[in-house]
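Spelled out, the chains give:
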Amino acid sequence: MQFQKPSLSFWQIINMNVGFFGIQYSFGLQQTAINPLYSFLDAKPEELPILNLAGPMTGLLIQPVIGALSDRTWHPRWGRRKPYFLIGAIFCSICLFAFPFSRALWMAAGLLWILDAANNTAMEPYRAFIADKLPARQQPTGFLTQSFFTGLGITLANLSLGFFKDIITGTSSSGIPYWVYGSFFVGGVCSILSVLWSVLTTPEIPPTPAELAELRARPKGFFEPFKEIMEAIRHMPPIMWKLALVYLFQWYAMFCYWQYVSLSIAASVFKTDSSGPAYEDAVVLTGQVNGFYNIVTFLSAFGLVVLARKWGAKWVHVICLLLASMGLFIFPFIEQPFLLFLPMVGFGIAWASMMGIPYVMVVGSIPKEKYGVYMGIINMMIVIPMILQTLSFGWVYENILSSVPGNAIFFAAGLLFLAAMATLRIKPLPITETPIPSPSAH
């Protein structure tokens, strides 16, 4: 006897994704607060790319390995994926509490390595958790619910900067304003509590006896996950190679935006740089702008589910990337703070698409017993462009873009346009239901 995965209610899908809120609150702080924190510790603008190397490097090294390990894991009490994002959340919370106490640039950079390692330990098992748990017709809703919580978590992280700046004054001996502490402390609490909510409310689907026997029969050893990753790359579906080109442009562009948006706003709105007294105001405005685009993200995420079903995931992603590209092309010209929010509408819709639609496009081509390793490989496609950006963009910024922050935003806009053109090459397979053996039949 065979059966399909049971459908979940809307609120069950919400419960299983609540933990993504805490992970993305942390990510929001990385987007908006880490680079200004580096600047408070006297980092130079051209040093920002290399100081952000931690994120992509830990993603490259950790996520595919964790994904492969989670494919091989089953514990009757803790499950397959949940142990990984619970452990990741614990270490993430510890790092967020420690971050504002950085006394020097090297300490902040070191903590970012640990924080990113923890986030990456949680991230791809969470993606695989959605693919494991939901029937194919509900997977777009599952992945775009993660987009909703991405927007909500990052929004609150960004808006917390302005909130705490208004109520906390003073600066630590290392030069970090005390209002930064409040945002990081709230992030530490959100990270662990939200993941615990999902762990406690959502059981995993247990493997059948046949699947369990196959798990136990897999070769053991330290190098086996690495062998599995290489084997999966060798047999990777063609659609994923096409997605890799999209991600090359898309994620290089996003890293440029996150690293230089506060400097761009400082230059265009406040006519200053990171050494000027108005830079803290530019950081707060950056938090508000980033918070706004993430509000758009969580408001538009469920709408993209409907559009993806009606028009197809590929066309939704193309249009969203073009909206983001147009928004960033006009962004550096804007001198009035309230007008900065206008281009962020399209950018926020695109961010919702980036966090959900590519997974909808490729999940139908991935074998279900390898969801973890392939979700990790997709993340490699994200972090490799980021590594290239951290290693190359400092030179590009100084020698080609004349060390002008607005030019970095223009550069990102051009790359997002190229990502939209590359998406046109993708031909997603329709997602079909794959029956799985009924546990009650054995």
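Cut-offs and rules
Residues numbered from 1 in each chain as written. Predicted model: local features only at pLDDT ≥ 70, side-chain atom pairs only at ≥ 80, totals over all residues. Heavy atoms only, no water. Helix = DSSP H or I, 4+ residues; strand = E, 2+ residues; numbered from the N terminus. Rg over C-alpha atoms; globule rule 2.2 N^0.38 Å. Buried < 20%, exposed > 50% of the residue type's maximum accessible area, 1.4 Å probe, protein only. Contact = heavy atoms within 4.5 Å. Phe/Tyr/Trp six-rings, centres within 6.5 Å; stacked < 30°, edge-to-face > 60°. 1 Å grid on protein atoms, 1.4 Å probe; cavity = no way out; pocket = protein on both sides within 12 Å on 5 of 7 lines; lining within 4 Å. Points joined across faces, edges and corners; volume = space filled by probe spheres on them. Nonpolar A, V, L, I, M, F, W, Y, C, P; charged D, E, K, R; others polar. Axes fitted to C-alpha atoms, helices over the stretch in contact; angles between N-to-C directions. Parallel < 35°, antiparallel > 145°, perpendicular 65-115°, else oblique. Left-handed = near helix turned anticlockwise from the far one by under 90°. Patch = residues over 30% accessible without salt bridge, like charges linked within 9 Å, V, L, I, M, F, W, Y side chains within 5 Å. Areas by Shrake-Rupley, 256 points an atom, 1.4 Å probe, with all protein chains shown as cover. Salt bridge = Lys/Arg side-chain N within 4 Å of Asp/Glu carboxyl O. pLDDT = per-residue confidence, 0-100.

**Looking at the overall build of the chain**
Stage number 1. What the chain contains, in helices and strands, is 15 helices and 2 strands.
Stage number 2. Against the globule reference of 22 Å for 442 residues, the chain gives a C-alpha radius of gyration of 21 Å, in line with a compact fold.
Stage number 3. Across its three principal axes, the chain shows a C-alpha extent of roughly 70 × 45 × 40 Å.
Stage number 4. Relative to its 442 residues, the chain shows a buried fraction of 61%.
Stage number 5. Across the chain, every contact between residues at least 6 apart in sequence was considered, and the portion connecting residues at least 24 apart equals 85%.

**Notes on the packing of aromatic side chains**
Stage number 1. Inspection of the entire model under this criterion finds 31 aromatic pairs.
Stage number 2. A centroid spacing of 5.1 Å and a plane angle of 80 degrees characterise the contact between Phe163 and Phe164, whose relative ring orientation is edge-to-face.
Stage number 3. Here the aromatic rings of Tyr293 and Phe347 are separated by 4.8 Å at their centres, their planes lie at 80 degrees, and the arrangement is edge-to-face. Placement of Tyr293 in helix H11 (residues 279-311) and of Phe347 in helix H13 (residues 343-362) is noted, with a sequence separation of 54 residues between them.
Stage number 4. With relative accessibility at 1%, the residue Phe347 sits in the buried group.
Stage number 5. Put simply, the rings of Phe27, Tyr247, Trp251, Phe255, Trp258 and Trp351 touch in pairs and so form one group of aromatic residues.

**Focus: empty space enclosed by the protein**
Empty space among the atoms can be located by rolling a probe the size of a water molecule over them.
Stage number 1. In this structure the tally under the stated criterion is 2 cavities of 30 Å³ or more.
Stage number 2. If you add up the space inside the largest cavity, you get close to 410 Å³.
Stage number 3. Taken together, 29 residues form the lining of the largest cavity, with Phe27, Gln30, Asp116, Met123 and Met386 sitting closest to its centre.
Stage number 4. Sorting the residues of the lining of the largest cavity by element identifies helix H1 (10-40), helix H3 (54-71), helix H5 (105-133), helix H10 (238-268), H13 and helix H14 (371-399) as the ones contributing at least two each.
Stage number 5. Tallying contributions element by element places H5 first for the lining of the largest cavity, with 7 residues.
Stage number 6. A class-by-class count of the residues in the lining of the largest cavity yields 15 nonpolar, 11 polar and 3 charged.
Stage number 7. The space that makes up the second largest cavity amounts to roughly 40 Å³.
Stage number 8. Every residue along the wall of the second largest cavity is listed here: Thr32, Ala33, Pro36, Leu37, Phe40, Leu161, Trp179, Val180 and Val283.
Stage number 9. Elements that contribute at least two residues to the lining of the second largest cavity include exactly H1 and helix H7 (178-201).
Stage number 10. Ranked by the residues each element gives to the lining of the second largest cavity, the list is headed by H1, at 5 residues.
Stage number 11. Along the lines of polarity and charge, the residues of the lining of the second largest cavity split into 8 nonpolar, 1 polar and no charged.

**Focus: the packing of H10 against H13**
Stage number 1. Interaxial distance between H10 and H13 falls to 12 Å at its minimum, and their mutual angle equals 150 degrees. The angle between H10 and H13 places the two elements in the roughly antiparallel class. For H10 against H13, the interelement crossing comes out left-handed. Touching Ile239, Met240, Leu243, Tyr247, Gln250, Trp251, Met254, Tyr257 and Trp258 of H10 are Met344, Phe347, Trp351, Met354, Met355, Pro358, Tyr359, Met361 and Val362, all from H13.
Stage number 2. Within the contact of H10 with H13, the residues separate by chemical class into 17 nonpolar, 1 polar and no charged.

**Thoughts on unusual backbone geometry**
Stage number 1. Notably, Asp42 is not glycine yet its phi reads approximately 75 degrees, a positive angle.
Stage number 2. Its place among the elements puts Asp42 in the loop between H1 and helix H2 (48-51).
Stage number 3. With relative accessibility at 66%, the residue Asp42 sits in the exposed group.
Stage number 4. Phi is positive for Ser402, close to 60 degrees, though the residue is something other than glycine.
Stage number 5. With respect to the helices, strands and loops of the structure, Ser402 is situated in the loop between H14 and helix H15 (405-423).

**Here we look at a nonpolar patch on the surface**
Stage number 1. Among the surface-exposed residues, Trp311, Trp315, Ile319, Leu323, Met326, Phe417, Leu418, Met421 and Leu424 lie close enough to one another that they form a single nonpolar patch of about 810 Å² accessible area.
Stage number 2. Among the elements that make up the nonpolar patch, the one with the highest residue count is helix H12 (residues 313-330) (4 residues).
Stage number 3. Its place among the elements puts Leu424 in the loop between H15 and strand E2 (436-437).

**Some details on the environment of Met123**
Stage number 1. When you line up the elements, Met123 lands in helix H5.
Stage number 2. Of the residues examined, Met123 reaches a relative accessible area of 12% and is grouped as buried.
Stage number 3. Here Met123 is in contact with Phe20, Ile23, Gln24 and Gln63, once residues within four sequence places are set aside.

**Things to note about the confidence of the model for the chain**
Predicted coordinates in areas of low pLDDT are best not read in detail.
Stage number 1. Looking at the chain, pLDDT values average 83 and 95% of them are 70 or higher.
Stage number 2. Segment residues 431-442 is flagged for pLDDT under 50; beyond a separation of four residues in sequence, or across chains, it makes 27 contacts in the model.

**Here's the deal with the environment of Ala282**
Stage number 1. Of note, Ala282 is situated in helix H11.
Stage number 2. A relative accessible area of 0% places Ala282 in the buried class.
Stage number 3. Expressed as a C-alpha distance, the spacing of Ala282 and Arg77, which sit 205 residues apart in the sequence, is 48 Å.
Stage number 4. Setting aside its immediate chain neighbours within four residues, Ala282 contacts Ser262, Ile265, Ala266 and Phe270.

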